[in-house]
Amino acid sequence: MHRHARRWVALSLVVLGASTVARVGHADELACSPPTFSGVARALPGGQLSGCAVTLDWKKSSTACGPLRYNVYRSTTPGVPPGPGSLLASCVTGTTYRDQAVTAGTPYYYVVRAEDASPGGGGPCQGGQEDVNAIELSSQPAGPWTTVTDGVEGESVYWDTAGGVGSNVWARTSSDAHVGAQSWLVADPDTPSDQSLTQLLPAVVPARFKLEFWQRHSTEAGLDDLYDGGVLEYSLDGGATWHDILDGDGVTVPANAARFLEGGYAGRIATGYQSPLAGRLAWGGESGGWQRVRVDLSDLAGRPARLRWRFASDESVAASGWWLDDVRFRATLACSACPFTAKGDFTGDGRPDLIYAGSGGAVVPLMLWEMDGAGLQSATWFEPRFLPGDSFSSIAAADDFNRDGRSDLLVKNRSTSTYEFWLMNGVTRMGSAVPLAGPYPSSPSTNVVASGDFNADGWPDLVWSVGNSSSLTLLIWTMNGVQKTGEIVPSPAGAGDSNWNVIAALDTNGDGNRDFIWYNWSTGKIVHWWMDANVQRIAGLFNTPDSAAGANWKVWAAGDYGVGPGGSACASDLFWVNYNSGNQVLWYEDLAATRTAGGFTSPTRPTVDPDGNAASWNLAGPR
């Protein structure tokens, strides 16, 4: 071999690692080894924004011959070799996949394999080499991951009480409650016991999530030590191993003594008395009434966590026990649960917030009101703080465009008449803005007016209003994240009168399909178009009542802000703004387009910025 040829081969082996050299005729060519891949890492029940799903993820593979793609195989019986008959999806580019073509109650078995781009391998995506890992994981489908508050007033759908030691099993009780009539109680006996109230299914924890619950305890305690008491534990492997809430998991989660934001452990369980929790920090003794506990779960962000409240007693002296109520946590819902979404939720609490755009300046600042129903929790700036362009730039839509469980923004730059995605982590944009590629629909008046998943692929689509001063029609761009994949023309395509404008695309009747909420800028009336799975109108009806008292009231935001008196969970509520006073009113709606309650926000309107300086604001969404 020529000296220079040998030198090139040696350098190739160093740079490409797994590559080897094969001689074909008189030329030296690279023949890649199959990708190095550890297979599917997790198969989690749930994760879709609505309906049934199984969510898969895995660690990135490595190869010398890219680009790398992943192929997902599925069967309903274990041990089926991956092949054309079990291929569910090919050419997956990322390290996650949500299987939505599933049936509740059916166990599914998954294998994921990596495929490189080397020629002649015969892989199902790009004809490359596929690794041969046989890692198979199973899961049954479940519904969305969302934030819920369990007031313990109905049947338990989130918790498991089995598997403990002793007869003092956790049970609902009417002996005391923080709010309402019932709470959870585990009694404190005079014999050794070990009982847990355990979350049934894991749910992925969003960034900066705060667990909250109320507790009351009256357990055996001494002057210096606790004898009986309870702890909070978490598991990241489905319940195989458990860790105290302050401890690390020994792998990726660090120990953090500062996780309790409020209501931390009361003392330490004494040793030498047969308590299963001997020597551990715990809650116990006399709490003196109900106490709130808040726990920062930021260290668990992005991981599927289960929680359990574990109580233990020793060999003597009984007491009343430990009560829990109003637990606010991340849960995996049933497949039949209503379609909670991240639309407009920037704080990870499962409720939409309010977006405000400043007025009166050369550029437009952005502010978020974190809401709990109609009540303001806190105000904060978005980062970046200002919209691009001039004073006429605006928010076109707020939705979870990259499906990471956090709401994002679609921004319109009026100076350039272009749109860009802001992919958000809370109120902070992650990286640079991502342009929405054109060409956009051509018309004298063209605007994105709403977003929603119209083709049931799990990705929010964009609703365009296209037309002129006399007539407006709708056009839907189906999307795969920030990329357009197609178009849908609703039937009918418009209301026939340019005074009617779509202000929201939400499921207003609870059938799982996206509907349109129309607002007439002349009369102030609200109309609902209920759409089917083919985006064809099946019914149109006025809201009840059909308008607010006076033409100065305009609708500027919509979403599921909670259940008002007599209202329905997962209904689409309406935010009205009075253009004379600036006051805001929230209408709670049911699933029949009927207002069930209404009231002013608290405070009634924004008058200052997050720094406390006087400022003028316009409500900009979500919708």
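Numbering of residues begins from 1 in every chain and follows the order in which that chain's sequence is written. Whole-chain, interface and lining totals are the exception, using all residues; otherwise, since this is a predicted model, local features are given only for residues with pLDDT of at least 70 and side-chain atom pairs are given and counted only at 80 or more. With hydrogens and water excluded, all non-hydrogen atoms of the structure serve as input to the side-chain values.

Undergrad: Would you mind showing me how to read the side chain of D188 here?
TA: Looking at the secondary structure, you find D188 in strand β13 (residues 183-188). Using a 1.4 Å probe on the protein chains alone, a residue whose accessible area is under 20% of its type maximum counts as buried, one over 50% counts as exposed, and one in between counts as partly exposed. Residues counted as positive are Lys and Arg, residues counted as negative are Asp and Glu, and His and the chain ends are not counted. Salt bridge criterion: a side-chain nitrogen from Lys or Arg within 4 Å of a carboxyl oxygen from Asp or Glu. It is R216 that comes nearest to the buried, bridge-free D188 among opposite-charge side chains, at 12 Å. At 3.1 Å, the side chain of D188 forms a polar contact with the backbone nitrogen of E220. Throughout, a contact is declared for two residues whenever any of their heavy atoms are within 4.5 Å. Leaving out residues up to four positions away in the same chain, D188 has contacts with S218, T219, E220, D228, F311, S313, A318, A319, S320 and G321. Strands are runs of DSSP state E lasting at least two residues, helices are runs of H or I lasting at least four, and both sets are numbered from the N terminus onward. In protein, a polar contact requires one atom able to donate a hydrogen and another able to accept it; more generally it is a pair of N or O atoms within 3.5 Å, and residues adjacent in sequence count only if both atoms are side-chain atoms.

Undergrad: Just to check I follow, could you spell out the state of the cysteines for this structure?
TA: Joining two cysteines, a disulfide is a covalent bond between their sulfur atoms. Defined by distance alone, a disulfide is two cysteine sulfur atoms within 2.5 Å. Summed over all chains, the structure comprises two disulfides. Sulfur-sulfur distance for the disulfide between C32 and C65 comes to 1.5 Å. Of this pair, C32 sits in the loop between β2 (27-31) and β3 (40-45) while C65 is found in the loop between β4 (54-58) and β5 (69-75), placing the two residues 33 residues apart along the sequence. With respect to burial, C32 and C65 carry one shared label: buried. In this model C91 forms its disulfide with C125; the gap between the sulfur atoms is 2.1 Å. Judged by the sign of its S-S torsion, about 120°, the bond between C91 and C125 is right-handed. Placement of C91 in strand β6 (residues 87-92) and of C125 in the loop between β8 (108-115) and β9 (137-139) is noted, with a sequence separation of 34 residues between them.

Undergrad: When you look at the pattern of salt bridges in this model, what are you seeing that I'm missing?
TA: A pair can form between side chains of opposite charge whenever their charged atoms are brought close. Enumeration according to the criterion identifies 17 salt bridges in this entry. Note that R42 and D57 form a salt bridge whose closest N and O atoms lie 2.4 Å from each other. Here the residue R42 occupies a position in strand β3, and D57 occupies one in strand β4, the gap between them amounting to 15 residues. Connected via shared salt-bridge partners are D194, E233, D244, R280, R308 and R310.

Undergrad: Sorry if this is basic, but what is going on with unusual backbone geometry here?
TA: Glycine aside, a negative phi is what most residues show, and trans is what most peptide bonds show. Put simply, G66 and P67 share a cis peptide bond, and its omega is 0°. Here P67 lies in the loop between β4 and β5. With a phi angle near 65°, C91 is a residue other than glycine that sits in the positive phi range. For C91, a relative accessible area of 32% puts it in the partly exposed group. Even without being a glycine, D326 presents a positive backbone phi close to 50°. You can see D326 is positioned in strand β24 (residues 319-332). Take D326: its relative accessible area is 13%, and that puts it in the buried class.

Undergrad: Whenever I open this one, the nonpolar core confuses me. Can you help?
TA: The nonpolar side chains of a soluble globular protein tend to be buried with one another. Take the buried Ala, Val, Leu, Ile, Met, Phe, Trp, Tyr and Cys residues and link them wherever side-chain atoms come within 4.5 Å; each set so joined is a nonpolar core. One finds W170, L211, F213, L232, I245 and W309 to be the most contacted residues of the largest nonpolar core, which totals 41 residues. Elements that contribute at least two residues to this core include exactly β13, β16 (210-218), β17 (229-235), β22 (291-296), β23 (304-313) and β24. Leaving out residues up to four positions away in the same chain, W309 has contacts with W159, W170, Q195, S196, L197, L211, F213, V231, L232, W322, L324 and V327. Formed by 18 residues, the second largest nonpolar core is a distinct cluster that contains L68, A89, Y108 and C335.

Undergrad: Looking at this structure, how should I read empty space enclosed by the protein?
TA: One water molecule sets the probe size; rolling that probe over the atoms shows where empty space is left. Computed over the protein atoms alone on a 1 Å grid, cavities are sets of points where a 1.4 Å probe fits but cannot get out and pockets are open sets with protein on both sides within 12 Å along at least five of seven lines; a residue lines them when it has an atom within 4 Å of a point. Grid points are joined across faces, edges and corners, and a volume is the space filled by probe spheres set on the points. All told, the structure shown has five cavities of 30 Å³ or more when counted by the stated rule. Looking at the largest cavity, its volume works out to about 60 Å³. Contributions of two or more residues to the lining of the largest cavity are made by β23 and β24. The class makeup of the residues in the lining of the largest cavity is eight nonpolar, one polar and one charged. Only Asp, Glu, Lys and Arg are considered charged, only Ala, Val, Leu, Ile, Met, Phe, Trp, Tyr, Cys and Pro nonpolar, and every remaining residue, Gly among them, polar.

Undergrad: Whenever I open this one, the sheet that holds β8 confuses me. Can you help?
TA: Strand-to-strand pairing in sheets goes through backbone hydrogen bonds, with the strands running parallel or antiparallel. Sheet architecture is open: four strands sit in the order β6-β5-β8-β9, paired in antiparallel fashion. This sheet does not close on itself; its edge strands, each paired only once, are β6 and β9. Across the sheet, the axes of successive neighbouring strands diverge by a mean angle of 25°, strand direction being ignored. Being paired, for any two strands, means DSSP has found at least two bridges between them. Sheet topology note: the β5/β6 ladder contains three bridges and is antiparallel. The residue of β6 that forms the bridge with Y70 is V92. Angles here are taken between N-to-C directions and fall from 0 to 180 degrees, while the axes themselves are lines fitted to C-alpha atoms, restricted in helices to the stretch in contact.

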